[in-house]
Amino acid sequence: MTVHPGPARSRVGAHRQAWAEVDLGAIRANAALLAKLAAPAELCAVVKAWGYGHGPVEVAEAAVDGGATWLAVALVEEGRHLRDAGITAPILLLSEPPADAMAEVVRSQLTPTVYTRSGIDALVEAASGGRRPVGVHVKVDTGMHRVGASPDDAVALARLVAAHRSLEFDALWTHFAVADEPADAATGQQLALLLATAARLAADGIRPHLLHAANSAGTLLHPASRLDLVRCGIALYGLAPAAAVIERPPCTGLQPALSLAAQVSHVKTVEAGERLSYGLKYRVATRTVVATVPLGYADGVTRLLSSTGGQVLIGGRRHPIAGTVTMDQILVDCGPDADVAAGDIAILLGRQGDEEITAWEWAERVGSIAYEVVCGVSSRVPRVYRR
Ligand SMILES: *Cc1c(COP(=O)(O)O)cnc(C)c1O
């Protein structure tokens, strides 16, 4: 995608010459693609971690526009933030909230996940006396062993939920550990265990409104896992769930929504043999033009890019990050004949001319994943929304 310096500059405020642009049209299109793929299953847009760095309120609105009927977050505070912004869609909490947060959960009309007896007790206490029963999603640990109740415990807990007048057994669900590795049989085993757990409850006449399991990778790569609802995060932001499946349909239909850009703040010519930045680790072999770009590790540009060949687009071409990434700035080696001036746009993530640097390219360089790259763009970087 292209970054438009005009609107960015005016929205960013008077002084900061760096910004992350979020293309809400891309978010909407990704939501529409996922909703269509999953139908008749519903789409739950996962907007935890500040909307994977994109801004949760704007993303939630665009996702609902594109066809999402549910939202999901990790924290009670994240759900509360969406409610305060006027978001009315159902909001699922992906882990069991702390007991002392249950009153807030009920007050903010968030949908809690539960997987412990004490969690249910705390929720019942918070929910009793309310006008409507509180919808509850019981989470089964089918193999990832992060959070959730064992299948046996989940059956017992679901019975408890179903028996309580102040609670409503909305869903039984699980989470996959390796859905992004399509050849791994564990995903099918996890799905089978969820369905077997649901069948044990059904034998007693206890049926949740929804069964759900799929994250983005499940939704895109394991059609059988779509069930009644899919919980998509990374794909909503236009990124494949793993580098190995970027070229595999339907991942190819996703549109990245986030770009990271700055205006070159300073340009100089450096003589052959000079060394650059902290540690003086980058030595220029020939006279070269060096551009300073005002983004650094405090903005989420990891120092690991210094030593792993990190690149930046300026003038539609790739140039290496020259030397150590500093807290607020990087240096870019633009080459001996570069026609670069202060004010030119430098792209760290996104497209310029025919070139594109993706979150997956950056992630693979530094031994990470695209999720961490986009979540890592810090709060110091102003977000600019393209609608
Ligand atoms: C974060 C999360 C998701 C979304 O995962 P993606 O891979 O980003 O689609 C879904 N379910 C749970 C439980 C999560 O924690």
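Up top is the structure.
Calculation rules
- Residues numbered from 1 in each chain as written.
- Predicted model: local features only at pLDDT ≥ 70, side-chain atom pairs only at ≥ 80, totals over all residues.
- Heavy atoms only, no water.
- Helix = DSSP H or I, 4+ residues; strand = E, 2+ residues; numbered from the N terminus.
- Buried < 20%, exposed > 50% of the residue type's maximum accessible area, 1.4 Å probe, protein only.
- Polar contact = N/O pair within 3.5 Å; in protein donor to acceptor, adjacent residues only side chain to side chain.
- Axes fitted to C-alpha atoms, helices over the stretch in contact; angles between N-to-C directions.
- Parallel < 35°, antiparallel > 145°, perpendicular 65-115°, else oblique.
- Left-handed = near helix turned anticlockwise from the far one by under 90°.
- Contact = heavy atoms within 4.5 Å.
- Nonpolar A, V, L, I, M, F, W, Y, C, P; charged D, E, K, R; others polar.
- Disulfide = S-S within 2.5 Å.
- Near = heavy atom within 4 Å.
- Areas by Shrake-Rupley, 256 points an atom, 1.4 Å probe, with all protein chains shown as cover.

**Student:** When you look at the environment of D328 in this model, what are you seeing that I'm missing?
**Tutor:** For D328, the position within the fold is in the loop between β16 (317–320) and β17 (330–335). Exposure remark for D328: the relative accessible area of 33% places this residue in the partly exposed category. Between the alpha carbons of D328 and P249 there is a distance of 39 Å; along the sequence they are 79 residues apart. A polar contact is formed between the side chain of D328 and the side chain of R380, at a distance of 3.0 Å.

**Student:** Please explain the packing of helix α2 (residues 24–38) against helix α4 (residues 56–66) as it appears in this structure.
**Tutor:** The contact between α2 and α4 brings their axes to 7 Å, and the two run at 45 degrees. As the angle between them shows, α2 and α4 are arranged oblique. Crossing of α2 against α4: the hand is right-handed. Residues L24, I27, R28, A31, A32 and A35 of α2 pack against E58, V59, A62, A63, D65 and G66 of α4. By residue class, the composition of the contact of α2 with α4 is 8 nonpolar, 1 polar and 3 charged.

**Student:** Please explain the state of the cysteines as it appears in this structure.
**Tutor:** Here, disulfide denotes a covalent bond that connects the sulfur atoms of two cysteines. Under the definition given, this model contains 0 disulfides. No disulfide involves C44; its sulfur sits 8.4 Å from that of C232, the nearest cysteine. A relative accessible area of 0% places C44 in the buried class. Cysteine C251 is unpaired, with the sulfur of C232 as its nearest cysteine sulfur at 11 Å.

**Student:** Help me out: how do you make sense of the site of the ligand in this one?
**Tutor:** The ligand sits among 15 residues. The nearest are K48, Y52, S216, I234 and Y371. Note that an oxygen atom of the ligand is positioned 2.6 Å from one of the side-chain N or O atoms of Y371. Here the ligand has 390 Å² of accessible area as a free molecule, and 93% of this is covered by the chains. Counting only elements with at least two residues in the shell around the ligand, the list comes to α3 (48–52) and β9 (229–232).

**Student:** Mind showing me how you'd approach the side chain of Q263 here?
**Tutor:** Within the fold, Q263 resides in strand β10 (residues 258–263). Of note is the side chain of Q263, whose polar atom sits 3.1 Å from the backbone oxygen of G343.

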